[in-house]
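# Coordinates in review
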Amino acid sequence: MDFLGKNVVVVGAGKSGIGAITLLHTLGANITLFDGNEKADVETLKQQVASLEVKDVYVGSLPESVVEETQMLVLSPGVPTDTEFVDKFREKGATILGEIELGYQVSKGKLIGITGTNGKTTTTTLVGQIMEEYFGNTFVVGNIGNPYTLEALKTDENSVTVAEISSFQLETALDFKPQVSAILNVTPDHLNRHHTMENYAGAKETIAKNQTKEEVCVLNYENEYTREFGERCNATVVYFSSQRKLENGYYLEGENIVVAKDGESQTLMNIHDMNLVGICNVENVMAAIAISKAMNVPYENILDTVKRFKAVEHRIEFVATKRGVDYYNDSKGTNPDAAIQGIKAMCKPTILIGGGYDKQNEYDEWIEAFDKKVKLFVLIGQTRDKIAKCAREHGFEEIVMADTFEEAMDI
């Protein structure tokens, strides 16, 4: 894809948008920055991109003349693709892409793409560490907080890029094609954006849409959506399972992670030899092993890194023990399934702080997962009343409301 001299509108002035502008500037595009927030300060935005030769900066609305001459529209992940605003550009024949696709278009070397409702940051970070320790020149990018666009031109034929990719980012994927992809799981999330589970699952599946049998897609056999997708995936599928023995793939047998090929099995490691807790992290580790092996890293190297790997911040992250009480930070558990995994990982009576903004999720399975383990439920945020109502319907009454996180911690 050629960007030289093309008229490009970048939507969104966050980290992703600025990353896109930085790369497009280097590629010689004519750039206009647009932020839909009409309260955004134009002068502040202009200062932010002062060194990047941005042609114009607009907030709130975009002149029709700009829409007419636009050849490419680069969307930040937070911008929905099914709006009248985007449709205008679509009707004019503009190419619509996102930061992940933009980075992919100019990057080199091998690429790993990892998505899933839960576990993708832990898995991406672990795979990144394995790649770095074995291959050297490795870039960890995407939804993890490091824009692909800021690293793409640093890649070369010998480098490895490990990309954590959200469903939002996959909506704008065009040619994106990793050598190894992974969909860790698909459970209800972001339905306020995708509207239906079918749309959401379809966005996740996009990670493998351009792959062939020469590439690998790692899938969770115990997830209904990913198991079904494996039957029609174009790539060579490698499954992992935390609940059953597989003839081919990676599975948990007792306390051991095992790999099987044509029914012949090999024990790789005991799960107590790693620093991560919870069955969700066992699945993340199996996925990371499968991905890394598909990249031809020897098991010896993979397992050595796995055993030294520490939990990622905010993901069932052990913080401290104070007066005999263990504190865990699981604040990235932002949907019911992720929150369930956090509860399952706890092995003592638990005080749970929960709540947040409303993503149109249901909470029944989360409450049911308490299994007499939660002794007090402290609720905060926009969803606290909705969650409390659900908890009481399931017979859980030990609920306290808090207005701030600080108040919740005091409680």
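Structural data are supplied above this passage.
The text that follows walks through the structure, step by step, so that each part is easy to find. (Residues numbered from 1 in each chain as written. Predicted model: local features only at pLDDT ≥ 70, side-chain atom pairs only at ≥ 80, totals over all residues. Heavy atoms only, no water.)

### Some points on the sheet that holds strand β19 (residues 399-401)
- Read from one edge of the open sheet, 3 strands run β17-β18-β19, paired in parallel fashion. Edge positions in the sheet fall to β17 (350-354) and β19, since each has one partner strand and no second. Across the sheet, the mean angle separating the axes of adjacent strands is 20° when strand polarity is ignored.
- Pairing of β17 with strand β18 (residues 374-379), which is carried by 5 bridges, proceeds in the parallel orientation. Its bridge partner lying in β18, I351 is registered against L376.
- On top of the sheet, helix α16 (residues 384-393) reaches β18 and β19; it is set at about 170° to β19, its chief contact. (Pairing = 2+ DSSP bridges. Helix = DSSP H or I, 4+ residues; strand = E, 2+ residues; numbered from the N terminus. Axes fitted to C-alpha atoms, helices over the stretch in contact; angles between N-to-C directions. Contact = heavy atoms within 4.5 Å.)

### Examining empty space enclosed by the protein
- All chains considered together, the criterion is met by 2 cavities of 30 Å³ or more.
- Estimates place the volume of the largest cavity at around 60 Å³.
- Looking at the largest cavity, it is lined by 13 residues, and the ones nearest its centre are L75, P77, F168, Q169 and T172.
- When contributions to the lining of the largest cavity are tallied by element, the ones reaching two or more residues are α5 (99-106) and α8 (167-170).
- Its residues assigned to classes, the lining of the largest cavity shows 5 nonpolar, 5 polar and 3 charged. (1 Å grid on protein atoms, 1.4 Å probe; cavity = no way out; pocket = protein on both sides within 12 Å on 5 of 7 lines; lining within 4 Å. Points joined across faces, edges and corners; volume = space filled by probe spheres on them. Nonpolar A, V, L, I, M, F, W, Y, C, P; charged D, E, K, R; others polar.)

### Observations regarding the layout of surface pockets
- Roughly 320 Å³ of internal volume is contained in the second largest pocket.
- Forming the walls of the second largest pocket are 17 residues, and the residues nearest its centre are Y250, V259, A260, K261 and Y299.
- Contributions of two or more residues to the lining of the second largest pocket are made by β11 (236-241), β12 (249-253), β13 (256-261), β14 (264-270) and α12 (279-294).
- Within the lining of the second largest pocket, the residues separate by chemical class into 9 nonpolar, 4 polar and 4 charged.

### A few points about the nonpolar core
- Counting 52 residues, the largest nonpolar core has I21 and L24 as the members making the most contacts within it.
- Counting residues per element, this core draws most heavily on helix α1 (residues 15-26), at 5 residues.
- If we ignore the near neighbours within four places in the chain, the residues touching L24 are F3, V8, V10, A29, I31, V74 and L102.
- Formed by 38 residues, the second largest nonpolar core is a distinct cluster that contains Y250, L276, V285 and V306. (Core = buried A, V, L, I, M, F, W, Y, C linked by side-chain atoms within 4.5 Å. Buried < 20%, exposed > 50% of the residue type's maximum accessible area, 1.4 Å probe, protein only.)

### So, the pattern of salt bridges
- Inspection of every chain in the model, using the stated rule, returns 16 salt bridges.
- Taking the shortest distance from any N to any O, the salt bridge between E68 and K92 comes out at 2.8 Å. With E68 in helix α3 (residues 64-69) and K92 in the loop between α4 (84-91) and β5 (95-98), this residue pair connects regions lying 24 residues apart in the sequence.
- Residue classification places K92 among the partly exposed positions, given a relative accessible area of 40%.
- Of the charged contacts in the structure, one is a salt bridge between K177 and E215, with a shortest N-O distance of 3.9 Å. A residue pair is termed long-range when its members are at least 10 positions apart, and K177 in the loop between α8 and β9 (180-183) and E215 in the loop between α10 (197-205) and β10 (216-220) qualify at 38 residues.
- What makes E215 buried here is its relative accessible area of 8%. (Salt bridge = Lys/Arg side-chain N within 4 Å of Asp/Glu carboxyl O.)

### A closer look at the sheet that holds strand β8 (residues 160-164)
- Taken in spatial order, the 9 strands make up an open sheet running β7-β8-β6-β9-β10-β11-β12-β13-β14, and their pairing is mixed. Each end of this open sheet is capped by a strand with a single partner; those strands are β7 (138-142) and β14. Across the sheet, the mean angle separating the axes of adjacent strands is 20° when strand polarity is ignored.
- Examined bridge by bridge, β11 and β12 share 2 bridges and lie parallel to one another. Residue pairing in the sheet places S241 in a bridge with Y251 of β12.
- The strands that α12 touches are β6 (110-115), β9, β10, β11, β12, β13 and β14; relative to β12, the one it contacts most, it runs at about 150°.

Remember, this is a structural readout, not a statement about activity or role.
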